[in-house]
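Spelled out, the chains give:
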Amino acid sequence: MDTKPKPDGIVLTEAQKKRRRERSLAIAWALGILVVLFFAVTMVKGPGVLVRPM
Amino acid sequence: MSVLDQNAIDLSLPRISEASVADYIALLKPRVMSLVVFTAAVGFFLAPGHVHPVLAITSILCIAVGGGASGALNMALEGDIDALMTRTANRPIPRGRVLPGEAMAFGLTLAFFSVMTLGILVNWLAGALLAFTIFFYVVIYTMWLKRWTAQNIVIGGAAGALPPVVAWAAATGSLSVEPILLFLIIFFWTPPHFWALALFRNDDYARAGVPMLPVVAGPDATRLQILLYTVVLVAIAAAPWPMGYFDAVYGVASLILGAGMLWLAVDIYRYRTGRAALRATRRMFAFSILYLFALFAILLLEVVAKAIAPLIW
């Protein structure tokens, strides 16, 4: 059995945890919007989505 | 000494970010972004032909995010001078909320995704033009011109003038005279607008060592340059009417609004000291925003009116 005390390391404060969670949610929203955007444009263009003129 | 030295970060300690989502939104320069979105929307809807609303939203969203990326990269590179100027000392980097490297990573990520999304989903001419706009603003203006020459905002103004061109390319897949006219209007609007700001923020720019025209050439030379650029701006803004590109409603409105710009430019030239001089520069700065907004709003209204007229009559 390991009896060595675990190092504390970096312990986040409640404020830091809250801000990190908010940033993570914002990233998730941004990625979700990107997925919806690609899906919507694919639906609009149909097979033409592969045609990308200069 | 920095305006906000007390917020300097102790880099000897492991740093856990407490930056909020609002700090990252501030990096996007939302007010600049709103003007980018508006001018891009005008460029997009002025373009001939029908574009599906989903593609229109995608195009304008990509241009908006690309503009925001430029703002974040600009702040990442200018944290040192932002800390010295009252106007910018509250930005997230000088306040110590976000590190320059974090802003750089944020800006590069948004720039990459905005350009690639516009290129893949809309067309590559628009994607390439958006990439060039970001490059011009970040590398040519921010990294090179801004700290080097008094012509910084004259040449750098090209970056701010490109969004309607990008939008036109997104809508049509090509370029034409009309987006070039929109480009020229914003290009020649930029110097009087920013030099009016530089006149009443002269101390800020001098403290930060930014060679704005009033710092380098003095206020009187700047007043003359504002007047000259305003004359050119008013002529260029009205020219599309006799050239047959924009309607009479736009032409007359541009002349009336242009008269207002000229009036204020003459005021700036006449009043050189005291409260009258300060008031003249502040009025020019505020009115120039209204001027550009009104010109583009009239173009947008003309497009809307033409689109709904057949439905009414």
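Residues numbered from 1 in each chain as written. Chains lettered and ligands numbered in written order. Predicted model: local features only at pLDDT ≥ 70, side-chain atom pairs only at ≥ 80, totals over all residues. Heavy atoms only, no water.

The next thing to look at is the overall build of chain B. A tally of helices and strands in chain B yields 14 helices and zero strands. In sequence order, chain B lays out its α and β elements as α-α-α-α-α-α-α-α-α-α-α-α-α-α. Judged by the C-alpha coordinates and their principal axes, chain B covers about 70 × 50 × 30 Å. Residues classed as buried in chain B amount to 53% of the 313 residues present. Of the contacts made within chain B by residues no fewer than 6 positions apart, 75% connect residues no fewer than 24 positions apart. (Helix = DSSP H or I, 4+ residues; strand = E, 2+ residues; numbered from the N terminus. Buried < 20%, exposed > 50% of the residue type's maximum accessible area, 1.4 Å probe, protein only. Contact = heavy atoms within 4.5 Å.)

Okay, the overall build of chain A next. Looking only at helices and strands, chain A features one helix and zero strands. Counting the 54 residues in chain A, one finds 11% classified as buried.

The next point concerns the packing of aromatic side chains. Residues and elements named next belong to chain B. For the structure on display, the rule yields 13 aromatic pairs over all chains. Consider the rings of Phe183 and Phe187, whose centres lie 5.8 Å apart with planes at 15°: the pair is stacked. With Phe183 and Phe187 both in helix α9 (residues 177–200) and four residues apart, this pair spans about one turn of that helix. Taking the relative accessible area as the measure of exposure, Phe183 reaches 19% and is therefore buried. With centroids separated by 5.4 Å and ring planes inclined at 75°, the aromatic side chains of Trp195 and Tyr229 adopt a geometry described as edge-to-face. Of this pair, Trp195 sits in helix α9 while Tyr229 sits in helix α12 (residues 219–238), and the two are 34 residues apart along the sequence. (Phe/Tyr/Trp six-rings, centres within 6.5 Å; stacked < 30°, edge-to-face > 60°.)

All right, on to the interface of chain B and chain A then. In many analyses, interface size is given as the accessible surface area lost on bringing the parts together. Taken together, the 24 residues of chain B in the interface contact 20 residues of chain A. Interface of chain B and chain A: buried area, both sides summed, is about 2,000 Å²; carbon and sulfur atoms make up 72% of it. Of all residues in chain B, B:Ile16, B:Glu18 and B:Leu121 give up the largest surface area on contact with chain A, accounting jointly for 27% of the area buried on that side. The interface formed by chain B and chain A holds zero salt bridges in total. Across the contact surface, chain B and chain A share three residue pairs in polar contact (both at pLDDT 80 or more). The element contributing the most residues to the side of chain B that touches chain A is helix α5 (residues 100–121) of chain B, with five residues. Looking at the side of chain B that touches chain A residue by residue, the class counts come to 14 nonpolar, eight polar and two charged. (Buried area = accessible area lost by both parts, 1.4 Å probe. Salt bridge = Lys/Arg side-chain N within 4 Å of Asp/Glu carboxyl O. Polar contact = N/O pair within 3.5 Å; in protein donor to acceptor, adjacent residues only side chain to side chain. Nonpolar A, V, L, I, M, F, W, Y, C, P; charged D, E, K, R; others polar.)

Rolled over the atoms, a probe as big as a water molecule pinpoints where empty space is left. Quantified by volume, the second largest pocket comes out at close to 990 Å³. Lining the second largest pocket we find 26 residues, and of these A:Ala26, A:Ala30, B:Val65, B:Phe106 and B:Leu110 sit closest to its centre. When residues of the lining of the second largest pocket are traced back to their parent elements, those giving at least two are α1 (14–45) of chain A together with α1 (21–27), α3 (53–77) and α5 of chain B. A per-element tally of the lining of the second largest pocket places α1(A) first, with nine residues. By residue class, the composition of the lining of the second largest pocket is 21 nonpolar, three polar and two charged. (1 Å grid on protein atoms, 1.4 Å probe; cavity = no way out; pocket = protein on both sides within 12 Å on 5 of 7 lines; lining within 4 Å. Points joined across faces, edges and corners; volume = space filled by probe spheres on them.)

What follows deals with the domain arrangement of chain B. All names here are of chain B. Parsing chain B into structural domains produces domain 1 (22–173) and domain 2 (176–307). Just the C-alpha atoms count here: the centres of domain 1 and domain 2 sit 21 Å apart. Across the boundary between the two partners, domain 1 contributes 31 residues, which contact 32 residues of domain 2. Counting each side, the surface lost to burial between domain 1 and domain 2 is near 2,800 Å², with a carbon and sulfur contribution of 79%. (Domains from an automatic or database assignment.)

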